[in-house]
Structures are given as structure tokens and as C-alpha cells.
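Chains, contacts and geometry: an overview
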Amino acid sequence: MKKIVILFSGNGTNLENIIQKLHDKELLVARAITNNPSAKGIERAKKYGVEVEVIDHKKFPTREAFDEALVRSIEEVDPDLVVLAGFMRILTPVFTQAITNAINIHPSLLPLFKGAKAIERSFESPMKVAGVSVHWVSEELDSGEIIDQACFRKDQKSLEEFEAKIHEIEYDLYPKVILRLLSQEAARRS
Ligand code: GAR
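Residues numbered from 1 in each chain as written. Predicted model: local features only at pLDDT ≥ 70, side-chain atom pairs only at ≥ 80, totals over all residues. Heavy atoms only, no water.

Bringing the sheet that holds strand β2 (residues 28–34) into the picture now. Read across the sheet, seven strands follow the order β3-β2-β1-β4-β5-β6-β7 without closing on themselves; strand pairing throughout is mixed. Each edge of the sheet is formed by a strand with only one pairing partner; in this case those strands are β3 (52–54) and β7 (146–153). This sheet shows a mean twist of 20° between the axes of neighbouring strands, independent of strand direction. Inspection of the sheet shows strand β1 (residues 3–8) paired to strand β4 (residues 81–84) by four bridges, in the parallel sense. (Pairing = 2+ DSSP bridges. Helix = DSSP H or I, 4+ residues; strand = E, 2+ residues; numbered from the N terminus. Axes fitted to C-alpha atoms, helices over the stretch in contact; angles between N-to-C directions.)

Attention now goes to the layout of surface pockets. Taken as a whole, the largest pocket encloses approximately 830 Å³ of empty space. Lining the largest pocket we find 35 residues, and of these Gly86, Phe87, Met88, Ile105 and Pro107 sit closest to its centre. Only α1 (13–22), β5 (102–106), α5 (118–124) and α6 (159–183) provide two or more residues apiece to the lining of the largest pocket. Looking at the lining of the largest pocket residue by residue, the class counts come to 14 nonpolar, 13 polar and eight charged. (1 Å grid on protein atoms, 1.4 Å probe; cavity = no way out; pocket = protein on both sides within 12 Å on 5 of 7 lines; lining within 4 Å. Points joined across faces, edges and corners; volume = space filled by probe spheres on them. Nonpolar A, V, L, I, M, F, W, Y, C, P; charged D, E, K, R; others polar.)

What follows concerns the site of the ligand. If you check the shell around the ligand, you find Asn11, Gly12, Thr13, Asn14, Gly86, Met88, Ile105, His106, Pro107, Asp142, His167 and Glu170 and nothing else. Within the side chain of Thr13, a nitrogen or oxygen atom sits 2.5 Å from an oxygen atom of the ligand. Take Glu170: an N or O atom from its side chain is 2.4 Å from an oxygen atom of the ligand. With the chains in place, 88% of the 460 Å² that the ligand exposes on its own is no longer accessible. A class-by-class count of the residues in the shell around the ligand yields three nonpolar, seven polar and two charged. (Near = heavy atom within 4 Å. Polar contact = N/O pair within 3.5 Å; in protein donor to acceptor, adjacent residues only side chain to side chain. Areas by Shrake-Rupley, 256 points an atom, 1.4 Å probe, with all protein chains shown as cover.)

Another aspect to go through is the pairing of β4. The two faces of the sheet receive side chains in turn, since in a regular strand these alternate between them. Of the two faces of β4, both are covered, the one formed by Leu81 and Val83 as well as the one formed by Val82 and Leu84. Bridge count between β4 and β5: three bridges; the pairing is parallel. Bridge pairing links Val83 to Ile103 in β5. Handedness of the β-α-β unit built from β4, helix α4 (residues 93–98) and β5 comes out right-handed. (Buried < 20%, exposed > 50% of the residue type's maximum accessible area, 1.4 Å probe, protein only. Right-handed = clockwise from strand over helix to strand, strands pointing away.)

Per the stated rule, a full pass over the model turns up three aromatic pairs. Ring centres of Phe60 and Phe66 lie 5.9 Å apart, and the angle between their planes is 70°; on these two criteria the pair is classed as edge-to-face. You can call Phe60 partly exposed: its relative accessible area is 27%. Aromatic rings pair up to connect Phe123, Phe152 and Phe162 into one cluster. Arg89 extends its terminal NZ or CZ atom over the ring of Phe66, reaching a point 5.8 Å from the ring centre. (Phe/Tyr/Trp six-rings, centres within 6.5 Å; stacked < 30°, edge-to-face > 60°. Lys NZ or Arg CZ within 6 Å of the ring centre and 35° of its normal.)

Moving on: the nonpolar core. Among the nonpolar cores identified, the biggest contains 36 residues, and Ile4, Leu81, Val83, Ile103, Tyr174 and Ile178 are the most heavily contacted of them. Setting aside anything within four residues of it in sequence, one finds Val83 in contact with Ile4, Val5, Ile6, Leu7, Ile18, Ile103, Tyr174 and Ile178. If you look at the next biggest cluster of nonpolar residues, it comprises 18 residues, including Ile55, Ala69, Val82 and Ala102. (Core = buried A, V, L, I, M, F, W, Y, C linked by side-chain atoms within 4.5 Å. Contact = heavy atoms within 4.5 Å.)

Moving on to the pattern of salt bridges. Enumeration over the complete set of coordinates arrives at eight salt bridges. The partner of Lys47 in a salt bridge is Glu16, with the nearest N and O atoms 2.9 Å apart. Of the two residues, Lys47 sits in helix α2 (residues 41–47) while Glu16 sits in helix α1, which places them 31 residues apart along the sequence. Looking at Lys47, the relative accessible area reads 58%, which means it is exposed. Close ionic contact of Glu76 with Arg31 constitutes a salt bridge, the shortest N to O distance being 2.9 Å. Of the two residues, Glu76 sits in helix α3 (residues 63–77) while Arg31 sits in strand β2, which places them 45 residues apart along the sequence. (Salt bridge = Lys/Arg side-chain N within 4 Å of Asp/Glu carboxyl O.)

Shown next as C-alpha cells:
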């Protein structure tokens, strides 16, 4: 079975969705790694018997030192694909040059609304549509090559409703993209 590693920082609902739909069926979630010792996602992953490693970024003097530890943990597993799901750390070239098969999900139609508070900014914008993007991880934040997107009409009345719609789209799109990439030779390796 193909192996993936999932990186997360907080609530972990995308992590749980991927585990629920794919783990032990279509692929193996060989390890989940978080930078946040109090991330809710830790319990979500453990519920399914998925190994979680906490690499607390606060214990490292620099971003590069943290990224080195992250790369070491990923390389131990040697996954076919690295999946960022709500992983809220800016990555340095130490990561991006070592790990060339990493993808990320971002809650906007990139290249719009890169960075923090994308959901709020997308909701408040005058646009009539919104959506979600999956892209390769590159040195620049939320800027790697786009792999897939899904969009919807913005007819939600509140930010809460809008956010729920974003997550619904994410839970549908991300597992499909992961499976598609794993079935192609192109789970990018150099
Ligand atoms: C998701 O909406 C994901 O797209 C977003 O964080 C949320 C994590 O939720 N990621 C980013 O904004 C990355 N720039 P979750 O922890 O419940 O999966």
C-alpha cells in the first residue's frame, strides 16, 4: 500500500476526514506530524491508531532547525506523498528542497487570498464565487503549482455557514486529489 504522512497544526478535521476515508483502505497514513503539542488533531489521529509525532516548533532556535527535524521525521517514513492539512508554519528551503512531494490545501481560489484568514477575506470580498485549492508546496507561501480547485456560489448568509461550505468542499476534494496523485507516477519525486 502507498504511504502518506500528514502534517497538521490545529483542529485536524481534514486530517480526520482523510484517515476516515482512506486509511487502511486505499493507503496507509504512516505518520501524522504536528508542530503544536495541544492540537486537537492529535486525539483525532490516535482514535484510528495513526502514529502521531509532536515536533514543537517552539523548542527550536530557528525555522531551519525546526524544518530539519521535520524532514528527518518524514524521511524516516519515506512516504509516497506528504499531505499538509491545516499546517500553519512557513516552510524554509531546508524543507522544500528535501521534500519535493508535498501538497497543501488552501481555503480559497488561489492565487487569491494567500496566507492567513483566507476564509474571512474570501467571505468579505465582493466576489460571487469562492472555493478551495490544492497545490504543490513550494518555497513561496501558497504559491506552488495548482493541482486542482473546486468552487461554489457565495450564497451563504453568515461567515459560519460559509466556513462550513468551505470545509465540505475540502473534505470532498482533498481525498480525491490524494488518490489521483498516488495513482499517477507523478507523486513528484526528484
Ligand atoms: C483548512 O480550512 C485548511 O484549508 C486551512 O486550515 C484549515 C484547517 O482545518 N489551511 C490554510 O489556511 C493553509 N494556508 P482543519 O485543521 O480542521 O483541517
